[in-house]
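These are the residues of each chain, in order.
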Amino acid sequence: MAEKQIPVRAGIKSRRIKVDNLTRVEGEGSLLIDVQGGELRELKLKIFEPPRFFEALLKGRALGEAPDITARICGICPVAYMMSAVHAMERALGVTVSDPIRQLRRLLYCGEWIESHVLHIFMLHAPDFLGYDDVIGMARDHGERVKSALAMKKAGNEIIRVLGGREVHPINVKVGGFYKLPEKAALTALLDPLKHGRDTARDTVLWASSLDFPELTRQYEFVALQHPDEYPMNDGRIVSSRGLDIQQTEFPDHFEEIHLPHSNALHAVRKEHRSAYFVGPMARYQLSRDQLSEETRALAKEAGFLRDVNNPFESIVVRALETHYAFDEAIRLIEQYEVDGASSVPAPARKARGVAATEAPRGLLFHQYDVDERGLITRANIVPPTSQNQFTIEEDLHDLVSANLELPQDLLTARCEQAIRNYDPCISCATHFLKLDIRRD
Amino acid sequence: MNDALIPELCNVNGRLEDTPDVFTLDLVPPPGYRGFAPGQFNMLYVPGAGEAAISISGDPEDSYRLVHTIRAVGDVTSQLRTRDGHSQVGVRGPFGKPWPIDAARGGDLIIVAGGIGMAPMRPVLYAALADRASYDNIYLLYGARTPRDILFQEQLMEWHRQGAITAIITVDAARPSWKGDVGAVTGFIGRIPVNPRNTVAMICGPEIMMRYAASELLVKGIPMDRIHVSMERNMKCATAFCGHCQLGPYFVCRDGPVFRYSDVAAMMEVKQF
Amino acid sequence: MIQWTAEQLDAFVQLLHDEAYEVLGPVIRDGAVTYGAMQALPVGYGDEQAAGHYRLTQRGDQTRFGYNLGPSTWKQFLFPPSETLFSVRDDLIHPVENQPGKRAFIGVRACEMAAIEVQDRVFLQGEYTERRYEQRRQQVFIVAVNCSQAAATCFCTANDDGPAVRGSADMVLTEVNPQQPWYLVEAISETAKKLVAKIGGAPANDEQHHQAQAAVNEAAEQISRQLPRKGLRDALFDALEHPQWDDVASRCLSCGNCTQVCPTCFCSTTQEQTDLVSMEVRHQRLWDSCFTEMHSYTTGGAIHHKTRSRYRQWLTHKLAAWEDQFDVSGCTGCGRCISWCPVGIDLTEEVEILRKSP
Amino acid sequence: MNKPSLAVFKFASCDGCQLSLLDCEDELLKVAELVEIANFPEASRRILPGPYDIALVEGSITTEHDEERIQEIREGSRILISIGACATAGGIQALRNYADVDQMVRAVYPQPSYIDTLATSTPISRHVKVDYELHGCPINKYQLLEVLLAFTAGRRPQVSNDSVCMECKAAGNVCVMVAQGEHCLGPITHAGCGALCPSFDRGCFGCYGVKEQADVESLFVFLRDQRGMTTQQAVALVQSFNADAPELKVIASDRKWGRRREDRPE
Ligand SMILES: Cc1cc2nc3c(=O)[nH]c(=O)nc-3n(C[C@H](O)[C@H](O)[C@H](O)COP(=O)(O)OP(=O)(O)OC[C@H]3O[C@@H](n4cnc5c(N)ncnc54)[C@H](O)[C@@H]3O)c2cc1C
Ligand code: SF4
Ligand code: SF4
Ligand code: SF4
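Notes on the structure follow. The model shown is predicted, which means the values in this text are computed figures rather than measured ones.

About the cut-offs
- Residues numbered from 1 in each chain as written.
- Chains lettered and ligands numbered in written order.
- Predicted model: local features only at pLDDT ≥ 70, side-chain atom pairs only at ≥ 80, totals over all residues.
- Heavy atoms only, no water.
- Buried < 20%, exposed > 50% of the residue type's maximum accessible area, 1.4 Å probe, protein only.
- Helix = DSSP H or I, 4+ residues; strand = E, 2+ residues; numbered from the N terminus.
- Pairing = 2+ DSSP bridges.
- Right-handed = clockwise from strand over helix to strand, strands pointing away.
- Salt bridge = Lys/Arg side-chain N within 4 Å of Asp/Glu carboxyl O.
- Axes fitted to C-alpha atoms, helices over the stretch in contact; angles between N-to-C directions.
- Parallel < 35°, antiparallel > 145°, perpendicular 65-115°, else oblique.
- Contact = heavy atoms within 4.5 Å.
- Nonpolar A, V, L, I, M, F, W, Y, C, P; charged D, E, K, R; others polar.

Quick look at the pairing of strand β7 (residues 108-114) of chain B now. Residue and element names in this part refer to chain B. With seven of seven residues buried, β7 is to be regarded as a mostly interior element. Across the two faces of β7 the burial is the same, with D108, I110, V112 and G114 and L109, I111 and A113 all buried. As paired elements, β7 and strand β11 (residues 199-204) share six bridges and run parallel to each other. The residue of β11 that forms the bridge with A113 is C204. Taken together, the six bridges between β7 and strand β8 (residues 138-144) define a ladder with parallel strand orientation. Within β8, the residue paired with L109 across the bridge is I138. For the segment spanning β7, helix α3 (residues 122-130) and β8, crossover handedness is right-handed.

Below, the structure is given as structure tokens:
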């Protein structure tokens, strides 16, 4: 079997990365850095998650099951999986949902953005900036901040619970709409905590923007959905900061997953130049920040962040801004919601292919399904944000390590972990296991 | 307030470890506690763990203490075991039909107890001994697993020595150093002189043991309706509201736990009923 | 007795609201007639029932009581599915005070009235009184309805519990003439008489009495299921080892639905719930069922371990032991356990086989 | 300070169950008072050495390495609690137990030789002694709190093992199977979710696993023979998130289930 060698950057001879393409990349991770003659010779990030074969086990299942099954890929962003799956299926069947349903799905996504972003900012990322092991340690000195963060998180989770049934793996997403529409009153009851949350999100942005960001600026190719009328979530064309502008169905023509030698990883690259690209909050912010609400933009300006962000450590601020926006948007959506029409439209089976990309909290999530006339899935392909950012993380690490070779082992380890946590909760959790093995001569 | 479902918290006088898994909890009776008759039980409550039906094992004449002898087998009973002089236990009761001690007056009384089944029998002995003259012979046949598991051993032996009762204590298994009897308690019924016309028998222990004991006593000629057994079923309320302790037409909490053997014998034969 | 038009009946429901009753009655929800807080009586709904089957139907008429029974029972209001009996805070027991307001039940059927009285016996007429039940019961104003039609699952006639209301309702209605219904109104309690007087209505004549009686008779005639009661208790207690228990156990899912929809089943369990934030412990009572493992659990295992003995407990309790315990049958023939059994097990059929020697 | 120490371990899973602990927004800081969070990589980079008093184990065993790791975890834990459908019944990934894994690998990975996996996904209890199993995909966070509280207090958790139907009726739902003809696994499914799906007008798909004394066969036959499901559909319905539950294995082979009840050998 031919093994492809992917040269990413001079100085690194070989790399071995073990990543599963389909779930959060986590479990155990290790980073091997080999420095010789004062020069970084080898950097090995190894993260291992036992493969679960979702694409294979979707085969033969009813298309209506795809949202519930793919939700189980990730417990942190199940809504994202459900959204990509449900839209892909609806496109396959040629189904268009009513406007209230479209709005409710956006609301559901807002809930997940809030929940996931706050989790990331406070439980995974902030402790790094402030020098704590975890949020519990942080709570000892920053009790109020942590408590109000938990309240924000809860407000986001409450949206998912009311609309989806429960926080993790909601059950109300249906091909064609929802199983049951929420009562207006159940949603309005969320308004107070959401408004409160929006205030806290505002504080969070200002606080995050005052943190010390380690030096690391890189030129990324940002990739995200873009929509003419809204900040992207469930809908839009796929665009990049280097001029790509395609329909979702064209994704496979421009992006490719490659299987690295000596690993069980699938890495996504830009097909044209086999290069790394960047998905997630910073990409969306780069490409669509004009679509943010008035208030969020004003807030960004106040924080000094209404600008290009190329330092991945600053992603914590972008995440906070998106959190603020998600609160704003959720409030708007609830205020205008009226129970109207059926909870779903009929979605009769037919043989077709359906494709959808949506914006998971941590970036573009692509689903593609072939279904047969009985409504059974014959083929599935899922590209999660994690595998798309994999290359970028490695490149970040490479630059970071090269520039900080003089740091003592523990500081360098912490810095590397922090850099990985710039991306998403999934990877960062794996890297809590990070064993830094640094060899110097 | 008069609500049979709400316990009263009682202080614990003390706890005594009887055997490796049985302990005795001595509680201060709640104000207004109306006393109990031998064979009745209380619902003991530990916040967070729940309630359990526990027979009262103390002296019915002693109104200063409510004594329970408990085997730690599960949630509630294990939590009860953590209670001591600094803690409280919730109490509701007493509930249930007592042993028919009066019916035994003027004749012989045979008590057959197995394991923790000795607990509800001690009040019978207290009561009968307080009025010893009213009874002819009082026999106690008591089986425990091992010598270490014998409850109230000293007290029982003392009564035996005094001649107040005739006690046969047997164990299922023992080291050679054990000088007493070994074997199922039912096997010792043959040893006592039974006066079939004027005896009341009371049996408490595992259901299967009660069945064997009863059939031995029947063989000895004691009529079925003079044999009494104490039944156990899951119990939540003790007031015949919760439905758990049903035994055919009966509620164990209301119509029992003490039943005439003639009333329950047929049902005890039906598996899983 | 007097006679009301449908408008007068609707006005009466409004009157109950105005008189500060919490009005509980039929509510169309999730494809069924359920009982809950209602504003006005739904019009023109019916139901179609069979073993394991229920469909809400539109009758295309003006009936207010054209349906028979849905999955809800009045039990939920008198003996709620879950309630906290007391809580423990700061080492003190705090009983939960239950202060129900005035409530009106609208549309209680004969078998349901009978079922309420069965539960009265369980909770009020034994050695102990269930205070919470008693307090709620005293606050209920019952508007009963004689059935003018029967569902395929009904068998109230088996026990003479219906279709005409026999129990202690405050007032009883009979609905006549589905296309343009009118109501024969019998006010029984003093409260009912006062309230009914506020609506007025013409005295009913003989012909109207006759028509109302005919409507009820027709319902009785529609009843096809049977459950002969004579000798049933002894027959069941004699059949404890009948092979039919094994047969039914091979179909029964032990899910407990039959007991949960039954208006007379009263089993409950308790649960301790600790609130981690306040460290308050709540002692809660929840509906239980003899189909659960914990119902008969004693340390080491359940006495009714297998489905066979759970089903046997259910049936023998309902139809036999109940008579010993409460001097009445535990089944009023409402048929809910037949309709709402997910696999359509029908107690009347089982009993028929159990009565025959194997 | 002798708070019991808590460790959280992950095997093949989505993380949703351990995330439930972080989703206890109101109780999280209280939990941290109750137990010493000694090893919870999703939440903390501080990892104290074992042994641990309480280990929560999420995920199923799917690799040789994990087969060994769970043994070590068992040895280093006083109380081991498996949480969630993956850990208690193999999870959705246990569908592979009924399929050809090599084929699956080839379907997903361009370079199958790099993949290192077992042919099965099995629950933790198949490998080591488990002190308690908490069902659900995902688990119910309040039940998780109760489990933690119970074990720190030295008692058994109060978690019902009744059917979903019991919760459904208590919630006042209308049965979706009887009134709407939905296919629902509520009658054979372990309670814990609060009858979530029926409350949202859909049939239960069994994510809380199999209840005690569940008659899977009976429901399966009913759905197929009385409700017109094909065998394949009924098998798929029953076998999803708890695919390795022993009670569900009986219906694994189409051979047995292709036949009607009456012509099946006893
Ligand atoms: C009338 C009566 C008198 C009893 N007297 C004594 C006594 O004097 N000493 C003693 O040690 N035990 C006695 N028992 C048994 C005692 O009630 C059980 O051992 C106890 O309920 C077990 O509770 P647990 O929570 O520790 O056990 P678990 O096994 O955790 O049981 C869980 C729950 O099931 C129920 N349950 C379990 N076993 C029984 C049982 N055998 N009877 C009733 N409910 C049960 C209880 O509600 C209990 O809380 C008596 C039982 C009855 C019915
Ligand atoms: S047993 Fe069945 S028919 Fe009888 S009252 Fe109960 S639910 Fe109705
Ligand atoms: S034992 Fe069964 S049949 Fe009897 S009341 Fe309880 S739940 Fe109903
Ligand atoms: S109803 Fe069934 S599928 Fe739905 S959440 Fe509950 S257990 Fe899971």
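Picking up after the structure, the text goes on.
The next point concerns the pattern of salt bridges. Pairing is possible between side chains that carry opposite charge, provided their charged atoms lie close to one another. Taken as a whole, this structure holds 88 salt bridges over all chains when the rule is applied. Between R274(A) and E256(A) there is a salt bridge, with the nearest N and O atoms lying 3.2 Å from each other. Residue R274(A) is found in the loop between β9 (266-270) and α10 (281-288), and its partner E256(A) is found in strand β8 (residues 255-259); the two are separated by 18 residues along the sequence. Among the residues examined, R274(A) registers a relative accessible area of 36% and is labelled partly exposed. Residue classification places E256(A) among the partly exposed residues on the basis of a relative accessible area of 24%. One salt bridge in this structure joins R145(B) and D21(B), with 3.1 Å as the shortest N-O distance. Residue R145(B) is found in the loop between β8 and α4 (153-162), and its partner D21(B) is found in the loop between β1 (8-17) and β2 (22-27); the two are separated by 124 residues along the sequence. Connected through salt bridges with shared partners, the residues R91(A), R102(A), R106(A), E230(A), D235(A), E329(A) and R332(A) form a single ionic network.

All names here are of chain C. Between helix α8 (residues 244-251) and helix α10 (residues 307-326), whose axes approach to 8 Å, the crossing angle comes to 110 degrees. For the element pair α8 / α10, the angle class is roughly perpendicular. Touching W245, D246, V248 and A249 of α8 are T307, R308, Y311, R312, L315 and T316, all from α10. For the contact of α8 with α10, the per-class residue count stands at five nonpolar, two polar and three charged.

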